[in-house]
Amino acid sequence: MIAIVYAIEIFPKGKLFYYSENGEDIKPGDLVLVMTEFGPDVGKVIKGPDEMGIEEIGSELRPVMRKLTEEDAKIYIENLKDAEQAMQICLEKIKEHNLPMKLLHTRYMFDRSRLVFFFSSETRVDFRELVKDLARIFKTRIELRQVGVRDELKFIGGLGLCGRPTCCSTFLREFDSITLKHAKCQQLMINTAKISGACRRLLCCLMYEYDFYEEALADIPSEGETIIYEAKNCKVQSVDVFKEKVLVISEEGEMINLPFSYFRGDARDPDK
C-alpha cells in the first residue's frame with residue numbers, strides 16, 4: 001500500500017516521524033499539529049508530500065491533525081515560554097532533592113495535558129518525590145524521560161574532535177550502532193580516546209567511510225594473518241587500501257608486494 005506522507009521533526013535535528021496528508025496544502029517549513037506518544041504536539045514539516053509504502057514507515061501511520069492557525073501559534077509560543085520557566089523550577093527541585101541527574105529539555109504538550117522533562121544520568125534515579133512536587137506545582141501529568149549520553153549531546157550540542165559542531169547537533173538525526181570493528185576495518189589505531197566523541201561513545205563519523213573500506217578490503221587478508229604464497233608461509237605486514245597493495249614477509253625474510261587482484265583470483269606479477 002502507498003500513502004502520501006510528510007516527514008515531520010518534533011525536536012530540532014531529531015528523528016523524523018511520518019504522518020499522512022489531511023487534505024490541507026502543507027509545505028516544508030510549515031508548523032503542524034500531530035499526535036505523538038506523549039500527546040498532541042507541534043512539529044515542523046521537513047519533507048513532503050512524498051509517496052511511501054506503509055511497510056517502509058514501520059509504525060502506525062497517523063494523519064496530520066492540522067496546519068497551525070494563528071491562534072494555535074500563539075498557544076505554541078506560550079507553551080514554549082512556560083516550558084522554559086518549568087525547566088528552571090525543575091532544576092531547583094532537582095537540587096533540593098540532591099538528585100544525580102542532568103535536566104536537558106522541557107516540553108509542554110500542545111493541550112497542556114502533559115509536561116515532559118528529558119534528563120540524563122549515569123545512575124538510576126529515584127525521582128518519585130520530584131514527580132510529586134512537579135505535579136503539585138504544575139497541576140498536570142508529569143513525565144520524566146531518561147535519554148542516553150548520545151542523545152544528551154544532541155540536546156546540548158558541542159564541538160567534535162574535528163573542531164566543528166557535533167554531527168548529532170547539526171544534521172545527524174538517528175544514531176547507528178558503532179563498534180570497534182568499524183575502526184579496525186578502516187585501519188585506525190584502536191585508541192578509544194582518539195576515536196570517541198564528547199559523549200564518550202565511538203565517533204558517529206566512523207560510519208561515513210565504513211562502506212568504502214568494507215568493499216575495498218573484501219577478500220583481502222588482514223594485517224597479522226598468514227597466507228601461502230608460492231608454497232611459502234608469509235605473514236601480512238601491512239595493507240595499503242589506496243595503492244591496493246599487500247606487503248607480506250616470507251619465513252626467509254623476503255618482502256613481497258602483492259596486488260589486491262592476486263587475492264581476488266587474478267594472480268599476476270606482484271610488482272605490477
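Residues numbered from 1 in each chain as written. Predicted model: local features only at pLDDT ≥ 70, side-chain atom pairs only at ≥ 80, totals over all residues. Heavy atoms only, no water.

### Some words on the overall build of the protein
Piece 1. Per the secondary structure count, the protein includes seven helices and 13 strands.
Piece 2. The C-alpha atoms of the protein give a radius of gyration of 27 Å, which is well past the 19 Å a tight globule of 272 residues would have.
Piece 3. In terms of overall dimensions, the protein has a C-alpha envelope of 80 × 50 × 30 Å along the principal axes.
Piece 4. Contacts in the protein between residues at least 24 apart in sequence constitute 54% of all its contacts with a sequence separation of at least 6.
Piece 5. Counting every atom, the protein has about 16,500 Å² of accessible surface; 51% of that belongs to carbon and sulfur.
Piece 6. Side chains of the protein carry 39 positive and 46 negative charges; the gap between the two charge centres is 7 Å. (Helix = DSSP H or I, 4+ residues; strand = E, 2+ residues; numbered from the N terminus. Rg over C-alpha atoms; globule rule 2.2 N^0.38 Å. Contact = heavy atoms within 4.5 Å. Areas by Shrake-Rupley, 256 points an atom, 1.4 Å probe, with all protein chains shown as cover. Lys, Arg positive; Asp, Glu negative; His and termini not counted. Charge placed at Lys NZ, Arg CZ, Asp CG, Glu CD.)

### Quick notes on the sheet that holds strand β4 (residues 40-53)
Piece 1. Taken together, the six strands give an open sheet; going across it, the order is β5-β2-β1-β4-β3-β6, and neighbouring strands pair in mixed fashion. If you trace the sheet from one side to the other, it starts and ends with β5 (62-63) and β6 (66-67), each paired once. (Pairing = 2+ DSSP bridges.)

### Comments concerning the pairing of strand β2 (residues 16-20)
Moving residue by residue along a regular strand, the side chains alternate between the two faces of the sheet.
Piece 1. The pairing of strand β1 (residues 2-9) with β2 spans five bridges and is antiparallel. Bridge pairing in β2 links tyrosine 6 to tyrosine 19.
Piece 2. Count of turn residues in the β1/β2 antiparallel hairpin: six residues, of which lysine 13 carries a positive phi of about 60 degrees.
Piece 3. Sheet topology places β2 next to β5; two bridges connect them, and they run parallel. Of the residues in β5, the one forming a bridge with tyrosine 19 is arginine 62.

### Considering helix α2 (residues 70-97)
Piece 1. Over its 28 residues, α2 runs 40 Å from end to end, which matches the ideal 40 Å to within 8%, given 1.5 Å per residue.
Piece 2. All buried positions along α2 are accounted for by Asp72, Tyr76, Asn79, Asp82, Ala83, Ala86, Cys90, Lys93 and Ile94.
Piece 3. Trailing α2 by a residue or two, asparagine 98 shows a phi angle of about 55 degrees, which is positive. (Expected span 1.5 Å × (residues − 1). Buried < 20%, exposed > 50% of the residue type's maximum accessible area, 1.4 Å probe, protein only.)

### A word on helix α4 (residues 149-156)
Owing to its 3.6 residues per turn, the α-helix aligns residues three or four sequence positions apart on the same side.
Piece 1. Looking only at α4, the buried set comprises Val149, Arg150, Glu152, Leu153 and Lys154.
Piece 2. Elements in contact with the buried residues of α4: β7 (102-108) and β8 (114-120).
Piece 3. Just downstream of α4 lies glycine 157, where phi reads positive at about 75 degrees.

### Quick word on the pattern of salt bridges
Piece 1. Using the criterion set out here, one finds 16 salt bridges in the structure.
Piece 2. For glutamate 9, the salt bridge goes to arginine 173, with nearest N and O atoms at 2.8 Å. In this pair, glutamate 9 sits in strand β1 while arginine 173 sits in the loop between α4 and α5 (180-185), placing the two residues 164 residues apart along the sequence.
Piece 3. We classify glutamate 9 as buried; its relative accessible area is 11%.
Piece 4. Under the relative-accessibility criterion, arginine 173 is labelled partly exposed at 22%.
Piece 5. Salt-bridge contacts for arginine 114 lead to glutamate 143; the nearest nitrogen and oxygen are separated by 2.8 Å. Of this pair, arginine 114 sits in strand β8 while glutamate 143 sits in strand β9 (residues 141-146); the two residues are 29 residues apart in sequence, bridging distant segments of the chain.
Piece 6. Put simply, Glu37, Arg114, Glu143 and Arg145 are held in one network by salt bridges that share partners. (Salt bridge = Lys/Arg side-chain N within 4 Å of Asp/Glu carboxyl O.)

### Looking at the sheet that holds β8
Piece 1. Read across the open sheet, the three strands follow the order β7-β8-β9; overall the sheet is mixed. Edge positions in the open sheet fall to β7 and β9, since each of these has one partner strand only. Mean inter-strand twist for the sheet, computed between neighbouring axes without regard to direction, equals 20 degrees.
Piece 2. For β7 and β8, the ladder comprises six bridges, and the chain directions are antiparallel. (Axes fitted to C-alpha atoms, helices over the stretch in contact; angles between N-to-C directions.)

### Regarding the layout of surface pockets
Gaps left between atoms show up when a probe the size of a water molecule is rolled over them.
Piece 1. Space inside the largest pocket adds up to approximately 890 Å³.
Piece 2. Lining of the largest pocket is provided by 31 residues; of these, Ile10, Phe11, Lys15, Phe17 and Glu37 occupy positions nearest its centre.
Piece 3. Considering each element in turn, the lining of the largest pocket owes the most residues, four residues, to β2.
Piece 4. Taken as a whole, the second largest pocket holds about 330 Å³ of empty space.
Piece 5. As for the second largest pocket, its lining consists of 21 residues, and the residues nearest its centre are Gly160, Thr166, Cys167, Leu203 and Cys204. (1 Å grid on protein atoms, 1.4 Å probe; cavity = no way out; pocket = protein on both sides within 12 Å on 5 of 7 lines; lining within 4 Å. Points joined across faces, edges and corners; volume = space filled by probe spheres on them.)

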